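Spelled out, the chains give:
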Amino acid sequence: MNARELERAYALEVFPKRDLTIVRGEGACVWDDEGRRYIDCVGGIGVASIGHANPAVAEALAEQARVLVSCPGIFYNDVRARLLAELVSIAPAGLTRAFLCNSGAEAVEAAIKFARLATGRAGVVSAMRGFHGRTLGALSATHKKEYREPFEPLVPGFSFVPFNHVEKLRAAVGADTAAVIIEPVQGEGGVRPASRDYLSAARRICDEAGAVLVFDEIQTGFCRTGRMFACDRYGVAPDVLCLAKAIAGGVPLGAVLAHERLQPPPGRHGTTFGGNPLASAAALAAIRFMRDERLDDRAEALGARFSERFARRQSARVRAVRQVGLMIGVELRERCRPYLGALAERGVLALPAGTTVIRLLPPLVITEAQIDEVADTLTEVLAD
Ligand SMILES: *Cc1c(COP(=O)(O)O)cnc(C)c1O
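Predicted model only: the values in this text are computed from it and were never measured. (Residues numbered from 1 in each chain as written. Predicted model: local features only at pLDDT ≥ 70, side-chain atom pairs only at ≥ 80, totals over all residues. Heavy atoms only, no water.)

So, on to the pairing of strand β14 (residues 327-332). With six of six residues buried, β14 is to be regarded as a mostly interior element. As defined by bridge partners, strand β13 (residues 318-324) adjoins β14 across six bridges and the pair is classed as antiparallel. Pairing of Val321 across the sheet is with Val330, part of β14. The antiparallel pairing of β13 with β14 creates a hairpin that spans two residues between the two strands, and Gly325 there sits at a positive phi of about 60°. As paired strands, β14 and strand β17 (residues 357-360) are joined by four bridges and run antiparallel to one another. Note that in β17 the partner of Glu331 across the bridge is Val357. (Buried < 20%, exposed > 50% of the residue type's maximum accessible area, 1.4 Å probe, protein only. Helix = DSSP H or I, 4+ residues; strand = E, 2+ residues; numbered from the N terminus. Pairing = 2+ DSSP bridges.)

Right, here's the structure in full:
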């Protein structure tokens, strides 16, 4: 049986599947089992920022695999120690502590638990259209009804406010609020950037209420938006930053960067795999690559190049283009699904965000010629 048949026969499937078997990647491209090449603007859902099969990460993994793969957090470890120091060195001002886990949802879980411990309060306020993960705590902060309702009752204490609405946020945050959690640019919700006023107001509102401000930069982190972190663009530092996706070149790893007042008492939280030497070595190599290659500047320049080229022949099907670095959302006046298929037929893989937004999260190592090809192919399939 081929991969498609095996997965159909044996997977406890949770995804609506696309009919493609991907077997290999290099840089911004992936290949299917019939040898067809695609420019990968799915990018592992924003994971493959330093490119598929990045040699620096491959080398670091191979080397570390021969030395030490597992080391629980009850011991000190040289590689984990270096990664913690590296993360704090690139963190927004004031975030001087890091906790390592294995995924985005786990980072959000930890952030919520740390905020509840630090404040002694239970309330968590998050934004409509926000996405924070699929585990029960992270799901409780996730807005989409279809994701939430089948699993209710969820964790008590969670509430939602409209995104980018300062007064509604102010009204929702009070003496029982442990945390406010926001994506500086909503990803799943349709590539929607927060306004500068909104994030600054969120900072002030949390300070006044004694609540913890959490930015979920699981998708926007690590150069995606043209800065190391999207909050660097806004000049607003949170108390807690949740990270994952691109952090380790595709190897599963999550992280929480936090102000030191979020330090929990030992024994209250834990993880078996979090911060293992293998993932830590991959992350060190990936972050070094991002810095050496200035992927922040590259995302800024190539994102602008895409927008400029795509805007030249705008289709009447397009309602809006939202682009921050190489985080790109093309909102249509109709459903986006058929166009994702048409793009794939022409060698470009893209994601939906909701029902009408085509989302592009290409590896940040994508070349100028490739981003031009993406813009031109998208123009072609949307041509009226
Ligand atoms: C992907 C994502 C998550 C969840 O990450 P997982 O690793 O899938 O658990 C949470 N928040 C945001 C903003 C994301 O993009």
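Now that the structure has been shown, the text picks up again.
A few words now on the packing of helix α12 (residues 295-311) against helix α14 (residues 368-382). One can describe the packing of α12 onto α14 by two numbers: an axis separation of 9 Å at closest approach and a directional angle of 35°. Classified by chirality, the crossing of α14 by α12 is right-handed. On the side of α12, the interface is formed by Leu302, Arg305, Phe306, Arg309 and Phe310, while α14 contributes Glu368, Ile371, Asp372, Val374, Ala375, Asp376, Leu378, Thr379 and Leu382. Split by residue class, the contact of α12 with α14 holds eight nonpolar, one polar and five charged. (Axes fitted to C-alpha atoms, helices over the stretch in contact; angles between N-to-C directions. Left-handed = near helix turned anticlockwise from the far one by under 90°. Contact = heavy atoms within 4.5 Å. Nonpolar A, V, L, I, M, F, W, Y, C, P; charged D, E, K, R; others polar.)

Its domain assignment divides the protein chain into domain 1 (3-54 + 294-383) and domain 2 (56-292). Tallying the contact residues gives 27 residues for domain 1 and 30 residues for domain 2. When the two sides are added together, the surface that domain 1 and domain 2 hide from each other amounts to roughly 2,400 Å², 59% of it contributed by carbon and sulfur. Ranking the residues of domain 1 by area buried against domain 2 places Asn54, Val324 and Met327 at the top, with a combined share of 27%. (Domains from an automatic or database assignment. Buried area = accessible area lost by both parts, 1.4 Å probe.)

The way to describe two aromatic rings as a pair is by their centre distance and the angle between their planes. Inspection of the entire model under this criterion finds five aromatic pairs. Where Phe131 meets Tyr147, the ring centres are 5.9 Å apart and the plane angle is 75°; that geometry is what we call edge-to-face. With Phe131 in the loop between β5 (123-127) and α6 (136-140) and Tyr147 in helix α7 (residues 145-148), this pair connects stretches of sequence that are 16 residues apart. Ring geometry for Phe222 against Phe229: centres 5.4 Å apart, planes inclined by 70°, an arrangement best described as edge-to-face. Looking at Phe229, the relative accessible area reads 0%, which means it is buried. Positioned above the aromatic ring of Trp31 is the side chain of Arg24, whose terminal nitrogen or guanidinium carbon lies 4.1 Å from the ring centre. When the ring centre of Tyr147 is taken as reference, the NZ or CZ atom of Arg134 above it lies at 3.9 Å. (Phe/Tyr/Trp six-rings, centres within 6.5 Å; stacked < 30°, edge-to-face > 60°. Lys NZ or Arg CZ within 6 Å of the ring centre and 35° of its normal.)

This part takes up the site of the ligand. Taken together, Ser103, Gly104, Ala105, Phe131, His132, Gly133, Glu183, Asp216, Ile218, Gln219 and Lys245 make up all the residues around the ligand. Note that an oxygen atom of the ligand is positioned 2.7 Å from one of the backbone N or O atoms of Ala105. Between Phe131 and the ligand, the recorded distance is 3.3 Å, taken from a backbone N or O atom to a nitrogen atom. Contact with the protein chains removes 80% of the 380 Å² of surface that the ligand exposes when unbound. The residue inventory of the shell around the ligand, partitioned by class, reads three nonpolar, five polar and three charged. (Near = heavy atom within 4 Å. Polar contact = N/O pair within 3.5 Å; in protein donor to acceptor, adjacent residues only side chain to side chain. Areas by Shrake-Rupley, 256 points an atom, 1.4 Å probe, with all protein chains shown as cover.)

Tracing the backbone shows Glu152 in the loop between α7 and β6 (158-161). On the accessibility criterion, Glu152 (44% relative accessible area) is partly exposed. A C-alpha to C-alpha distance of 40 Å links Glu152 and Val374, two positions 222 residues apart in sequence.

The four strands are arranged β13-β14-β17-β16 in an open sheet whose pairing can be described as antiparallel. Edge positions in the sheet fall to β13 and β16 (351-353), since each of these pairs with one other strand and no more. Strand-to-strand twist in this sheet, taken as the mean axis angle between neighbours without regard to direction, amounts to 25°. Against the sheet, α12 makes contact with β13, β14 and β17, and its axis sits at roughly 160° relative to β13, the strand it touches most.

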